[in-house]
Amino acid sequence: MERNKPRPCAVFGVDIGKNLFHVVGLDAKGTPIQRAKFRRETLLQFFERANRTLVGMEACPGSQWLARKLQTMGHQVRIIPAQFVKPYVKSNKNDIIDAEAIAEAATRPTVRFVGIKEAYQVDLQMLHRIRSRLVTNRTNLICQMRSYCLEHGVPIRQGAGVFKTDILRVLDDDTNDLTSLAHEILRDLHDDLLKLEQRIASISNEIKDVADADERARRLMTIPGIGALGATAIIAATGDTSRFKRARDVAAWLGLVPRQHSTGGKQTLLGISKRGNGYLRRLLIHGARSCMLHLDRSKDRLGQWIDALRSRMHVNKVTVALAAKIARIVWIVLRQPGATYLRRPMEAAA
């Protein structure tokens, strides 16, 4: 009888779909012993009855929600980036094979996992993504309006700020070569631009209110180059900072460290890897560029570090290096309760 006793599953792999979920269970040796398919309504019932164990799933829409649900049931959940699952897919590809590969990848000690976010972090990330989309739409609209003006021989300066001034001058000028229909179309597009501006301003104010109310965001905003947008984006994206063993891991996670292509004992470093969250990396680089222009070098020890680096490197390299340094400071501020960035000149720090 003992010989026929079913072996318990040591790890489950879940292939997430819109309505159907494929689950594969592996035993302690990594052998598949259970394969099942569930609808969304019955998946949680299955895991409610299952033994509390490790559950792996691929990072995709819906994975954060399912991870939070399974954690409340007592399961240990690991979300795996898709590129780390692919090497474990054997031969042909289908949903069951994918689930088996996810389960195997979840047990590997060297695989890096995605942090599980709370619901408020997902909401905050939604605000940032909506704002990013609206800013992209605004850029596209400005480029479209500028090209229409050029079709009638009316040039407008580049840059969103000067465009808003120039387009009003162009629309009010009856002596240029714009036709009456072109004037009408451009005025309609200008109304669309104003609506976009209002929507962007509304979401930006909402993000600022969140930053002002969040204690961690206020501490992050003490770091040079980080404002309300950067602080809230960091909080929304990082999740649990304990998964980063050291400060450099945050910079590597954001793709701000050199990409390596080494062999035969010869080390070859290329440009930055550009991995991870591209939106957050862009905010940090813009913040670093702002520091390069406006940071008071005499009142901040970071200024002397920038000047020393600038004396031997191109300004773009210094900007990226500063962004990586800011990412490291972010890790320290988030890891230490109540920590803030203290601006001091180098001699005072010594």
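Thresholds applied
Residues numbered from 1 in each chain as written. Predicted model: local features only at pLDDT ≥ 70, side-chain atom pairs only at ≥ 80, totals over all residues. Heavy atoms only, no water. Helix = DSSP H or I, 4+ residues; strand = E, 2+ residues; numbered from the N terminus. Buried < 20%, exposed > 50% of the residue type's maximum accessible area, 1.4 Å probe, protein only. Contact = heavy atoms within 4.5 Å. Lys, Arg positive; Asp, Glu negative; His and termini not counted. Charge placed at Lys NZ, Arg CZ, Asp CG, Glu CD. Axes fitted to C-alpha atoms, helices over the stretch in contact; angles between N-to-C directions. Parallel < 35°, antiparallel > 145°, perpendicular 65-115°, else oblique. Left-handed = near helix turned anticlockwise from the far one by under 90°. Nonpolar A, V, L, I, M, F, W, Y, C, P; charged D, E, K, R; others polar. Core = buried A, V, L, I, M, F, W, Y, C linked by side-chain atoms within 4.5 Å. Patch = residues over 30% accessible without salt bridge, like charges linked within 9 Å, V, L, I, M, F, W, Y side chains within 5 Å. Areas by Shrake-Rupley, 256 points an atom, 1.4 Å probe, with all protein chains shown as cover. Salt bridge = Lys/Arg side-chain N within 4 Å of Asp/Glu carboxyl O. Pairing = 2+ DSSP bridges.

(A) Layout of the overall build of the protein chain. Scanning the protein chain from N- to C-terminus turns up 14 helices and 7 strands. With respect to the principal axes defined by its C-alpha atoms, the protein chain has extents near 95 × 65 × 50 Å. Taken over 350 residues, the protein chain has a buried fraction of 40%. A fraction of 54% describes how many contacts in the protein chain between residues 6 or more apart in sequence connect residues 24 or more apart. Between the mean site of the 57 positive side-chain charges and the mean site of the 34 negative ones, the protein chain shows a separation of 11 Å.

(B) Geometry of the packing of helix H11 (residues 278-294) against helix H13 (residues 315-335). As a packed pair, H11 and H13 sit with axes 8 Å apart at the nearest point and diverge in direction by 115 degrees. The angle between the axes of H11 and H13 places the two elements in the roughly perpendicular class. The element H11 and its partner H13 pack so that their crossing is right-handed. On H13, the residues touching Leu284, Ile285, Ala288, Arg289, Cys291 and Met292 of H11 are Val315, Val318, Thr319, Leu322, Ala323, Ile326 and Ala327. Broken down by class, the residue content of the contact of H11 with H13 amounts to 11 nonpolar, 1 polar and 1 charged.

(C) A look at the nonpolar core. Grouped together as the largest cluster of nonpolar side chains are 42 residues, with contacts concentrated most on Leu220, Ile223, Ile226, Leu256 and Leu284. Put simply, the parts of the chain that give this core at least two residues each are helix H8 (215-220), helix H9 (228-238), helix H10 (247-253), H11, helix H12 (301-310) and H13. The leading source of residues in this core is H13, at 11 residues. Contacts of Leu256, omitting those with residues within four sequence positions, involve Ala251, Ile272, Arg281, Leu284, Ile285, Val320, Ala323, Ala324 and Ala327. Counting residues in hydrophobic clusters, the runner-up holds 23 residues, among them Ile142, Met145, Ile167 and Leu193.

(D) Local environment of a negative patch on the surface. A contiguous patch of negative charge, built from Glu184, Asp188, Asp191 and Asp192, is present on the exposed surface. In this fold, Asp191 is placed in helix H7 (residues 180-213). What makes Asp191 partly exposed here is its relative accessible area of 39%.

(E) Summary view of the sheet that holds strand S4 (residues 54-58). An order of S3-S2-S1-S4-S5 is seen for the 5 strands of this open sheet, with the pairing classed as mixed. Both edges of this open sheet fall to strand S3 (32-39) and strand S5 (76-80), since each of them pairs with a single strand only. Averaged over all pairs of adjacent strands, the angle between their axes in this sheet comes to 20 degrees, without regard to strand direction.

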